[in-house]
Amino acid sequence: MMAQVQYQILSNSQLLAEFAVEALIDEVNLTPKPALVDRRGSGAHDDLTLELMERSAKSLQPMFKMMAQAAVHHGKVCLALREEIGEIGRQGEKAMMLATDGVNTHRGAIWALGLMVTAAALARTNQQYLSAVELCQLAGQIAQLADRFIPEQALSHGQQVQKKLGILGAKEQAQQGFPTIVNFGLKQLYQSRSQPMKEEFARLDSLLAMMTNLTDTCVLYRSGKQGLKRMQQGAQHVLDLGGSSSLNGRRALHLLEIDLLRMKASAGGAADLLAATLFIDRVAQSSLKNKQGF
């Protein structure tokens, strides 16, 4: 019996890690994303490619599995868990940088998805079938704990913008329970899915919905407040015209991409949240199947 329980724990940890990697790969392959890396090319980036992003995503699987196992070990939200996954995340980032020859591909995604994987593992360990919103709230509770062992290091591009403009960033987004994912990403994903359209369009609409709301520090760093305003308004315009599945929406999406490419504005923060959204959705569907016994 004990061996069966241990196998189930390992199986869940491996499964959640696979879900996280699949979410990252699904995100980067989603096409056409405005000014972001996808199957057409590198978007507004000079140093990123689809192949590099996929290689980076796969390098993170051991990290996600270790985070899930840490959640199983601690069994509850506590400072020890927060600090353990923090160290695992820092080691995972080093592995990512080795896999990409020093290119930052998924630093923001490590933070968001790491919290989500940990929260999902906690829920499964305690046999809780959490909704997508509840999973975000649990991840937020973990993020609210301060890691005492975060090393002193140079500010990231996003942190530089936060400090300069006095805005909230990825840390605060997580601590608040990922409101952009809950109120825009997931809401739009489910709303679009209720219409007769391909899954790719529903996911694009989810991305666009988050772009309308998110203070994306990647865009701010590259193109300032004007670029952020153009991104938010442009994404809203696509949705107002019927979204990515409509002819008028696709035309507006094309024009938005031209605008963002001209400014070299890449919504990397929104892309990270889309990957987290796809992970949450996959976990929620898997939990529902387990709850229903199939």
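Conventions and cut-offs
Residues numbered from 1 in each chain as written. Predicted model: local features only at pLDDT ≥ 70, side-chain atom pairs only at ≥ 80, totals over all residues. Heavy atoms only, no water. Helix = DSSP H or I, 4+ residues; strand = E, 2+ residues; numbered from the N terminus. Buried < 20%, exposed > 50% of the residue type's maximum accessible area, 1.4 Å probe, protein only. Expected span 1.5 Å × (residues − 1). Arc of directions from axis to C-beta. Contact = heavy atoms within 4.5 Å. Core = buried A, V, L, I, M, F, W, Y, C linked by side-chain atoms within 4.5 Å. Domains from an automatic or database assignment. pLDDT = per-residue confidence, 0-100.

Participant: Even after reading the chapter, I still don't get unusual backbone geometry, so can you show me in this structure?
Facilitator: Outside of glycine, negative phi angles account for most residues, and trans bonds account for most peptide bonds. Across the junction of T31 and P32, the peptide omega takes the value 5 degrees, indicating a cis bond. Inspection of the secondary structure assignment puts P32 in the loop between helix 1 (2-29) and helix 2 (50-59). We note that D101 has phi near 60 degrees; this positive angle belongs to a residue other than glycine. Structurally, the position occupied by D101 is in the loop between helix 4 (79-99) and helix 5 (107-125). On the accessibility criterion, D101 (70% relative accessible area) is exposed.

Participant: Just checking my understanding: could you explain helix 12 (residues 247-263) for this structure?
Facilitator: For the α-helix, the turn length of 3.6 residues means that residues three or four positions removed from each other point alike. In this model helix 12 runs 25 Å from its N-terminal to its C-terminal C-alpha over 17 residues, within 8% of the 24 Å that 1.5 Å per residue would give. For helix 12, the complete set of buried residues consists of G249, A252, L253, L256, E257, D259, L260 and M263. Taken down its axis, helix 12 places every buried residue within 165 degrees of arc, on the same side. Across helix 12 from its buried face, at more than 90 degrees, point the exposed residues R251, L255 and R262. Contact partners of the buried residues in helix 12: helix 10 (199-213) and helix 11 (217-240). Just beyond helix 12, the residue with positive phi is K264, at close to 55 degrees.

Participant: Can you help me understand the nonpolar core in this one?
Facilitator: Most often, soluble globular proteins keep nonpolar side chains buried together rather than apart. Ranked by internal contacts, the top residues of the largest apolar core, which has 79 residues, are L16, F64, M116, F178, I181, M211 and F279. Taken domain by domain, the makeup of this core includes at least three residues from each of domain 1 (12-19 + 52-147) and domain 2 (156-277). Excluding its chain neighbours within four sequence positions, the residues that come into contact with F178 are A112, L115, M116, C136, A139, Q173 and L273. Residues V28, L48, L52 and M53 belong to the second largest nonpolar core, which totals six residues.

Participant: Where do I start with the confidence of the model for the protein chain in this structure?
Facilitator: When pLDDT is low, close inspection of the predicted coordinates is not appropriate. Confidence along the protein chain averages 90 in pLDDT terms, with 89% of residues attaining 70 or more. No element of the protein chain has a lower mean pLDDT than helix 7 (residues 157-165), at 60, and none a higher one than helix 10, at 98. In this model residues 1-7 is a low-confidence stretch, pLDDT under 50, and it forms zero contacts with partners more than four residues away in sequence or in other chains.

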